[in-house]
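Here is how the chains run, residue by residue.
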Amino acid sequence: MKFIRIAGLYIFIASVVLFSATLFMGNYSLTETSIEQTFSDKKARVTETFAKVAKENGVLDKTYSNPFSFMSDVKGLFEKHNQQVSKDIAKEKGISSEETEKLIAAATKNGNVVYTKEVVDQVLSGEKAKTLDQSTNWMYSPGKTYDSVETFQNDLTNKVNDANRNLAKEFFLYDNKYSRFDITKAASSGIIVENKGLFLFLTFGLGIIGSLMFIITGLFLKPIPGIKNNGIYLNNATNRGWVGIVVFGFLVIFYVLLYFHPYVIVNWTSIVDPVKALFIENGSASQWFVYGLLYTVSMTVMAIRMFIKYRHNQYQIVRTAVVLAFQIIFAFLLVEILPLFDLPGVDLKNAWPLDYNFLTDWNVKNYLEAGHLGKFMFFWGIILSLILVPVLVYFYGKRWYCSWVCGCGGLAETLGDPYRQLSDKRLIAWKIERWTIYPVLVFAVIMTIIVGYNTYYVINAPDIAAANQNEFFGINAYRINEWYGFLIGSIFAGVIGTGFYPLLGNRTWCRFGCPLAAYMGIIQRFKSKFRITTNGGQCISCGNCSTYCEQGIDVRAYAQKGQNIVRSSCVGCGICSAVCPRGVLKLENASDDGATRHKVPEVILGNDMDLFEMLEENK
Amino acid sequence: MEHIVIIGNGISGVTAARHIRKLSDKKITIISAETEYFFSRTALMYIYMGHMKFEHTQPYENWFWEKNRIELKKGFVKHVKDASKELVFASGETMKYDKLIIATGSKPNKFGWPGQDLNGVMGMYHKQDLEKLEQYAPNNDVCKRAVIVGGGLIGIELAEMLQSRDIPVTFLVRESSFWNGVLPAGESEMINQHIKEHHIDLRLGVNLQEIKADENGNVKSIIIKETGEEIPCTVVGLTAGVSPNVDFLKDSNIELGRGVKVNRRLETNVKDIYAIGDCAEQHEAIGNRRPIEAVWYTGRMMGETLAQTLCGNPRDYNPGHWFNSAKFLDIEYQTYGWVFGERGRPDYEQHFHWKHPKKHICITIAFHKETRKFLGINTFGIRMRHHSFDTWLNENRSVEYVLEHLADANFDPEFYKQYEKEIVAQFNSEHQTAIKPKKRSWKRIFSY
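As the structure is a prediction and not an experimental result, all values here were calculated from the model.

A. How the structure looks around the overall build of chain A. When helices and strands are tallied, chain A shows 32 helices and nine strands. Counting only C-alpha atoms, chain A reaches 110 × 60 × 45 Å along its principal axes. Across the 619 residues that make up chain A, the buried fraction comes to 42%. The long-range fraction of contacts in chain A, counting pairs at least 24 apart against all pairs at least 6 apart in sequence, stands at 75%.

See the structure below:
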């Protein structure tokens, strides 16, 4: 049994090493086919021009062995393509340099500039005249005068170039992470692309098999159920030792690549193409599909670990099963299935403000353009955030979401469980927490107001939105949305939130950053039936509860005073109660009146001296 | 400003200091030879087992003491000169006090066994014991087998600790069944089974004859008195109870019994000297309690009580209804009120015992044969609400009442299976009663 366990560990490690190594396998080659594939939804001219530019620069059909060298040559092509297209279009239907010279000559009389609509009409006709009129009518005399002919020449040449470029705009390409990803994916070939199924088995398949071998053998090696945290602080993986640091590095690199350089991980997307194809014929997986699959698989495997580790604890079993079901059904399957019915592929349990794009124009349009069901889904989002969330927090505490439904919470409670003890319990950490989580909530609210305002106009009165330049209070809606997404959505929630599991514990995001957690926390603290009840005088101050609180709550500080735990940050995971050797803590939804929730007994129950009298005095 | 000096930074001393600070502005000094800062002794086992680091056993952060103006002094007090109100440290230093609180706790018992001071023999009480264990039993290569002598709560904890590092353990218990001086027979037997199920070599009804040394003065083996069997081992844990740590007071005028003799005000015979916690011995036992109570929460209560007295609010130490809890490997145990084992059980005490057919879950309820008054409950594998039982004991409720409202007292986590129906059904059939268990009611729970 021990052998199987160790073998499982090695199989798992091998699968992870291979998974990483796949990024350096296969070839990348920009061919006419791959260019066509990349720009299949664009006009034919784009493909032709891009191929031409690629050829001129010696990149076409050149084979690269890794995505980095491929991209270092390819990324410059986008701008070159745009220049080329501009030039071509200018030649075809733009204002030529001869025409520009003619215009300048016609407008220059005796060293003076007299530029008018007549001059334009004199040299040009039809579309060309109309275009130039539109872009240069503000330059007409006598409204504007020129110090010298040179000034006019420069201004007009620039404007003509702009106008020409504008004509080409519809064929432009933009160098961003999405276009880089698309072009790299289409250009990839070789061992991975030809053996997707095999690599799917060797990475995901063996990873699952290996980790399950490691996990399930525990059932036989430690056959008696009960809290078994033996060796956690003696193990390099879970005490911030070198294994933890390696895992930390792996996770951070993973998130940086996923969010900012997805082109690097196209091989991973190829590996999971066969899974994507289960939903759409010949579906091509995006980096988000890789992430969603990896997320769901990790959660499932680690949920099995939870089922085994806490098999004596019904609360943990039910909670883990529910949070896993929400991940599989809502965050994974429905997101893939809904679009098959022409509905937006959204995670229906993802509540604002955790879902920071809820009111972004493209998101709202997605809903509104998807018929009655789509509109209903939009309303569902509003009801979820504004009614369901607070009402359920009142009855059950924020745990109903954070540790029973939420995807971030689900990952933290499964994959992150081995790291829960690493959360910082010091008072200073609590102070920092309050200085980060509430500002994030304020940021989210302000961002949403600005974005929502803009979306309203974009949908109902696009002219006004354009006239406002998509601004509200001088802040551009798209920019603030982007910045929020970058700082909070990607860096905080992803890179730090999950990447730092092995160093800061599994709830860094939930504790320090999540605006939804902040929102629910306020309700939980002031108006909720939920509390953790302390069982009279049974606490022996051992500190298991505080050590294993993933939210860094010093549970013992309350329990040893005989005081109930009523804290905004508690996500109700129930582990403090599970690890308590003396049966001191119980998560309860009871009365919401302050007295029964907060009461601090002056003398801990057990000393008769004046307990009841003193409680009376306190009233 | 009055200077209050507390010897001992355990739960009693620290609780007294905290409450004196809450109630007054007096100067407070806590002296300890063991550690710089207060830690929870009950958690030492979890450090060895890797559940926690030492810092996690400290309930207060290091800045707490200065912020609350509680001075900490590391040192070993050798003499108490009560006439001149002065302490003398082993280092030769002295310290004046106005009021002295002795809270020095316990030390492991040693009964003069041959070899009891060899290398590799240790108790499991002080932080230094933990360090010693880490030295002599870091893993099962260095320590091929350990023998534990004494079947109490610390003994089984030490067994669990060693077992967490896969070190084979032989567990010598003097009694014929584990902890049967306290537990009724059925419960004691269940724990025996559980210990064996963990592959701990449990030897019941045996005593230690001697500990044998190798040529370097290290433990080599032990001999069992009854059988003469020699068991090779490299570590011996002596966990045959604890006794008050009061040797340093022998040359003072303070009256000593086994511990420091105190009255209900926790005063010693010398004015301005008090004793609390494990080292205090009541002149007369309170109720069914022992004169010396080496229990975590009684130390805490004595600390709170004495703080009131010292701050002008004199109170008697008046512990309420007995309660306690422990964990035997994987089985949690709680008790409220009095449930006696075979030893010392009063004639009027009748027991009702229910046990889960398969799992290690059981309860024993003690009640008065004639009056039917509820006397106490032991639960294994079921958590109970302290407040409910405290109230029922105060209100002198009958066993029938307690069974009827048992669901109110259940403190198991949500979704756990509850057994009130089965328990009451068995009671009804054994006692020809017709009790109907009521559903849990928050209204009642909060009214208790």
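B. Main features of the UniProt feature "domain: FAD/NAD(P)-binding" (unreviewed entry) in chain B. Following the UniProt record, one finds the feature "domain: FAD/NAD(P)-binding" (unreviewed entry) at residues 3-285 of chain B. Helix makes up 20% of residues 3-285 of chain B and strand makes up 29%, while its end C-alpha atoms are separated by 31 Å.

C. Representation of the domain arrangement of chain A. Residue and element names in this part refer to chain A. Along its sequence, chain A is organised into domain 1 (89-169), domain 2 (231-528) and domain 3 (531-618). Each of domain 2 and domain 3 has a C-alpha centre, and these two points are 31 Å apart. Every contact between the two is made by 34 residues of domain 2 and, on the other side, 20 residues of domain 3. Secondary-structure elements contributing two or more residues to the side of domain 2 that touches domain 3 are helix H17 (314-337), helix H19 (371-396), helix H20 (399-402), helix H21 (407-414), helix H22 (427-460), helix H26 (508-512) and helix H27 (515-526). Here the side of domain 2 that touches domain 3 takes four residues from H27, the largest share from any one element. Class assignment for the residues of the side of domain 2 that touches domain 3 results in 10 nonpolar, 12 polar and 12 charged.

D. Representation of the domain arrangement of chain B within the structure. Residue and element names in this part refer to chain B. Split into domains, chain B comes out as domain 1 (3-107 + 243-310), domain 2 (121-240) and domain 3 (323-447). Of note, the centres of domain 1 and domain 2, computed from C-alpha atoms alone, are 30 Å apart. Breaking the side of domain 1 that touches domain 2 down by element, the ones donating at least two residues are helix H2 (44-48) and strand E8 (106-108). It is H2 that contributes the most residues to the side of domain 1 that touches domain 2, four residues altogether. Of the residues that constitute the side of domain 1 that touches domain 2, the class distribution is five nonpolar, two polar and two charged.

E. Quick peek at unusual backbone geometry. Here the bond from tryptophan 352 of chain A into proline 353 of chain A is cis, since omega is 5 degrees, no more than 30 degrees from zero. Residue placement: proline 353 of chain A occurs in the loop between H17 and helix H18 (361-368). Located in the positive-phi region is tryptophan 179 of chain B, a residue other than glycine, with phi close to 55 degrees. Relative to the helices and strands, tryptophan 179 of chain B is located in the loop between strand E11 (169-173) and helix H6 (185-197). Here tryptophan 179 of chain B falls in the buried class, since 21 other C-beta atoms lie within 10 Å of it.

F. Expanded view of the sheet that holds strand E5 (residues 86-89) of chain B. Residues and elements named next belong to chain B. If you trace the three strands from one edge of the open sheet to the other, you get E4-E5-E6, paired in antiparallel fashion. The strands lining the two open edges of the sheet, one partner per strand, are strand E4 (77-81) and strand E6 (94-96). With strand direction ignored, the average angle separating the axes of adjacent strands in the sheet is 20 degrees. As paired elements, E5 and E6 share three bridges and run antiparallel to each other. Among the inter-strand pairings, glutamate 86 is bridged to a residue of E6, identified as lysine 96.

G. Focus on H19 of chain A. All names here are of chain A. The sharpest bend along H19 measures roughly 45 degrees and falls at leucine 384. Taken residue by residue, H19 has Phe378, Gly381, Val389, Leu392 and Val393 as its buried positions. Against the buried residues of H19 lie H18, H20 and H27. Directly after H19, the chain includes glycine 397, whose backbone phi takes a positive value near 85 degrees.

H. Spatial organisation of the pairing of strand E9 (residues 585-589) of chain A. Residue and element names in this part refer to chain A. Counting buried residues along E9, four of its five residues qualify, which places the element largely inside the surrounding structure. With five bridges joining them, strand E8 (residues 530-534) and E9 adopt antiparallel strand pairing. Residue pairing for E9: isoleucine 532 is matched across the bridge by leucine 587.

I. Local environment of the environment of glutamate 197 of chain B. All names here are of chain B. Examined against the element boundaries, glutamate 197 turns out to sit in helix H6. Judged by the 13 C-beta atoms lying within 10 Å of it, glutamate 197 is partly exposed. Distance from glutamate 197 to glutamate 93, taken between C-alpha atoms, is 53 Å for residues 104 residues apart in sequence.

J. A look at helix H9 (residues 149-168) of chain A. Residue and element names in this part refer to chain A. With 20 residues, H9 should reach 28 Å at 1.5 Å per residue; the first-to-last C-alpha distance of 29 Å fits that figure. Within H9 the residues assigned to the buried category are Phe152, Leu156, Val160, Asn164, Leu167 and Ala168. Buried residues of H9, seen end-on, are gathered within an arc of 145 degrees and therefore sit on one face of the element. Those residues of H9 that are exposed and aimed more than 90 degrees away from the buried face are Glu150, Thr151, Asn154, Asn158 and Asp162. In this structure, the buried side of H9 is in contact with helix H5 (77-93), helix H6 (97-107), strand E4 (112-113) and helix H8 (126-136).

K. Representation of the sheet that holds strand E12 (residues 201-204) of chain B within the structure. All names here are of chain B. Pairing is parallel in the open sheet, where five strands are placed in the order E9-E16-E10-E11-E12. Two strands close off the open sheet at either side, each with one partner strand: strand E9 (121-122) and E12. When strand E10 (residues 146-149) meets strand E16 (residues 235-238), the two strands line up parallel, connected through four bridges. Bridge assignment links alanine 146 to a residue of E16, and that residue is valine 235.

Cut-off values and rules
Residues numbered from 1 in each chain as written. Chains lettered and ligands numbered in written order. Predicted model: local features only at pLDDT ≥ 70, side-chain atom pairs only at ≥ 80, totals over all residues. Helix = DSSP H or I, 4+ residues; strand = E, 2+ residues; numbered from the N terminus. Buried ≥ 20, exposed ≤ 12 C-beta atoms within 10 Å, placed from the backbone. Contact = placed C-beta atoms within 7 Å. UniProt positions renumbered as here; feature names shortened; annotations may be inferred. Domains from an automatic or database assignment. Nonpolar A, V, L, I, M, F, W, Y, C, P; charged D, E, K, R; others polar. Pairing = 2+ DSSP bridges. Axes fitted to C-alpha atoms, helices over the stretch in contact; angles between N-to-C directions. Bend = angle between axes of the 7 residues up to and from the residue. Expected span 1.5 Å × (residues − 1). Arc of directions from axis to C-beta.

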